[in-house]
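# Coordinates in review
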Amino acid sequence: MNEGTRRRNGDGFSTMCLAEVYGREADSKRQKKIHRILTRACKLIGKSQSFAGGWLYAPDDAGDEGSVTITEVQALRACRNAGIAVDPKVVAKAVKYIADSQNPDGGIRYTARGGGSSRPPITAAAVAVLYNAGRYDDPMADKALKYAMRTIPISGSGHHYYSHLYLSQALYQKGGKDWDTYYKKFSTYLLRQQRADGSWMGDGVGTTYGTAIALTILQLPYARLPIYQR
């Protein structure tokens, strides 16, 4: 992952993290400080949105791509859940961006600009974000979820942990038999992958990354964090 990708993804994940902390912070001074930071973060995310509705690696980049876009939209949803003002036009443009990135097979490609093959990890993430945006009954989301389910195996390599971070969220949000079957299989897989020291090595990136994703997935039925709740 290059430096630019880390910058915008880092901004998105850190904003989402602070939004989750905000509602649990008991110290009023610290809570006000977090509120100011989140308000500024939402404004920056909005200003950084491309003309097409996505985001790229740095605030002043003019382009866009799927993985950064997904991170930013989920950060905005977490902020809105916490009571921070979020411009609905920004979210609407992002949803349109995902729609413009969808291929006939239901999958989502790397960027809305031009063609390109569908990418299962980004497709799973797009479904989670569409649900975060309230598009639970959108045929686009249903088509993308079906693509993700048939292209992302329980065990695999590459961006495997990343894929399941979002596929698990999407299936949990949808609920029903698909979620029950998936969670039983993938939680069993994760527990078998756990190392003796309690960690997980995720996608060859490292144990901090792998452990964070594994625990995020395993806690979904317990609804510990508002951003992942139904």
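For the structure given in this document, a descriptive report is provided here. In this text the structure is predicted, and so the values were computed from the model without any measurement. For every chain, the first residue of its written sequence is number 1, and the numbers climb from 1 along that sequence. It should be noted that, the model being predicted, local features are given only for residues of pLDDT at least 70 and side-chain atom pairs only at 80 or more, the latter also being counted only at that level, while totals for whole chains, interfaces and linings use all residues. The side-chain figures draw on all heavy atoms in the structure; neither hydrogens nor water molecules are used.

## A word on the nonpolar core
We define a nonpolar core as any set of buried Ala, Val, Leu, Ile, Met, Phe, Trp, Tyr and Cys residues linked to one another through side-chain atoms lying within 4.5 Å. Burial classes: relative accessible area under 20% of the type maximum marks a residue as buried, over 50% as exposed, and values in between as partly exposed (1.4 Å probe, protein chains only). Counting 61 residues, the largest nonpolar core has Tyr 166, Leu 167 and Leu 190 as its most contacted members. Helix and strand assignments come from DSSP, with helices taken as H or I runs of at least 4 residues and strands as E runs of at least 2, each series counted from the N terminus. Per element, the largest residue contribution to this core is 9 residues, and it comes from helix H5 (residues 120–132). In contact with Tyr 166, not counting residues within four places along its chain, are Phe 13, Ile 70, Thr 71, Gln 74, Ala 124, Ala 125 and Ala 128. In what follows, residue pairs with any heavy atoms lying within 4.5 Å of each other are defined as contacts.

## Side note on the pattern of salt bridges
Oppositely charged side chains may form a pair once their charged atoms are brought near each other. We define a salt bridge as a contact between a side-chain nitrogen of Lys or Arg and a carboxyl oxygen of Asp or Glu at a distance within 4 Å. Inspection of every chain in the model, using the stated rule, returns 6 salt bridges. In this structure, Glu 25 engages Arg 30 in a salt bridge whose closest nitrogen and oxygen atoms are separated by 3.9 Å.

## A closer look at unusual backbone geometry
Its identity is not glycine, yet Asp 203 carries a phi of approximately 55°, on the positive side. Checked against the element boundaries, Asp 203 lands in the loop between helix H8 (177–193) and helix H9 (207–218). With a phi close to 50°, Ala 223 is a non-glycine residue in the positive phi region. As for its placement among the helices and strands, Ala 223 is situated in the segment after H9.

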